[in-house]
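Overview (structure and organization)
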Amino acid sequence: INCKDERRLNNMAKIRVAIVGYGNIGQSVASIAMAFGMKVYVYTSKPQFMLPQGIQRKSLDELFKECDIISLHCPLTEDTKGMIHAERLKTMKPSAILINTGRGPLINEQDLADALNNGIIAAAGLDVLSTEPPQANNPLLTAKNCFITPHIAWATKEARTRLMNIAAENLKGFINNKIIFTKGIMVGMQRVHPTLLQNMVRCISATFVYPEIKDQKVYEYMGRFESNALYYLMQCPPEERIYLDFV
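This write-up is about the structure you can find in this document. Here the structure is a predicted model, which is why all the values come from computation and not from measurement.

This paragraph deals with helix α1 (residues 24-35). Helix length check: α1 (twelve residues) gives 17 Å between terminal C-alpha atoms against 16 Å at 1.5 Å per residue, within 8%. The set of residues buried in α1 consists of Gly26, Ala30 and Ala33. One side of α1 carries all its buried residues, which in axial view fall inside an arc of 65°. Turned more than 90 degrees off the buried face of α1, the exposed positions are Ile25, Ile32 and Ala35. Tucked into the core, α1 has its buried residues touching β1 (16-20), β2 (39-43) and β3 (55-57). Once α1 finishes, Gly37 follows within two positions and takes phi at roughly 80°, a positive value.

Okay, here's the thing in structure tokens:
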């Protein structure tokens, strides 16, 4: 045993973790963090009385100033795009860690690279980038203490199987006038032609009936489904939309 190893190891207990975006994923992360004895703070539209015991609501500025780990789980909108920028990074602790498993454009990547290289924050763990695959000149590829994974946090076999099953069941339910409502992604389906819906169900179901269809085919089918569904969402006036979720 090397007792002179100067690398610092920290206990997770009592560490302050900030969860930005308290949806389904944010809530699950909060539960795991609490199991390790971490102090959990959240940025959410929910009032404090609606939050579980042990979770405290704070403003975004407070979270970045006070917490040891910042974990992003919010959607990408006009308001959240580029929300992690140089000025906000400067308010963080020098020992702080930034984690992004949400959407790449939440972060100004040059600003984060500069913050890492200049020791403004300690490290970053990223499963998403603004462009995927990343361009060769992405500054985060060479930034100090920046750990990047290729957007695979969702990609277990079990998660992909569940994703396809839910999508197929929702589509079949729509065809049979039995909408299955779950929380999350909103996709307007009211104006989708029945033949198109049937083809989508057939494509998704085929991945389970025929084992020779590889994962790439699954992605292609889901890509077609999502692009068509989102197109029809844009065409529907709000009062005519039906909302579904496939994750």
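Turning our attention to the side chain of Asp127. Relative to the helices and strands, Asp127 resides in the loop between β6 (123-126) and β7 (146-148). Buried within the structure, Asp127 lacks any salt-bridge partner; its nearest side chain of opposite charge belongs to Arg103, at an N-O separation of 8.0 Å. In terms of polar contacts, Asp127 uses its side chain to reach the side chain of Thr149, at 2.6 Å. Ignoring any residue separated from it by four or fewer positions in sequence, one finds Asp127 in contact with Asn100, Thr101, Glu132, Thr149, Pro150, His151, Ile152 and Ala153.

Moving on to the sheet that holds β1. A sheet is described by the order of its strands in space; here seven strands give the open sequence β3-β2-β1-β4-β5-β6-β7, paired in parallel fashion. With partners counted over all chains shown, the strands left at the sheet margins are β3 and β7, one partner each. Within this sheet the neighbouring strands show an average axis-to-axis angle of 20°, counted without direction. Judged from the four bridges that link them, β1 and strand β4 (residues 69-72) form a sheet pairing that is parallel.

About the cut-offs
Residues numbered from 1 in each chain as written. Predicted model: local features only at pLDDT ≥ 70, side-chain atom pairs only at ≥ 80, totals over all residues. Heavy atoms only, no water. Helix = DSSP H or I, 4+ residues; strand = E, 2+ residues; numbered from the N terminus. Expected span 1.5 Å × (residues − 1). Buried < 20%, exposed > 50% of the residue type's maximum accessible area, 1.4 Å probe, protein only. Arc of directions from axis to C-beta. Contact = heavy atoms within 4.5 Å. Lys, Arg positive; Asp, Glu negative; His and termini not counted. Salt bridge = Lys/Arg side-chain N within 4 Å of Asp/Glu carboxyl O. Polar contact = N/O pair within 3.5 Å; in protein donor to acceptor, adjacent residues only side chain to side chain. Pairing = 2+ DSSP bridges. Axes fitted to C-alpha atoms, helices over the stretch in contact; angles between N-to-C directions.

By themselves, these are just geometric observations and shouldn't be taken as functional.
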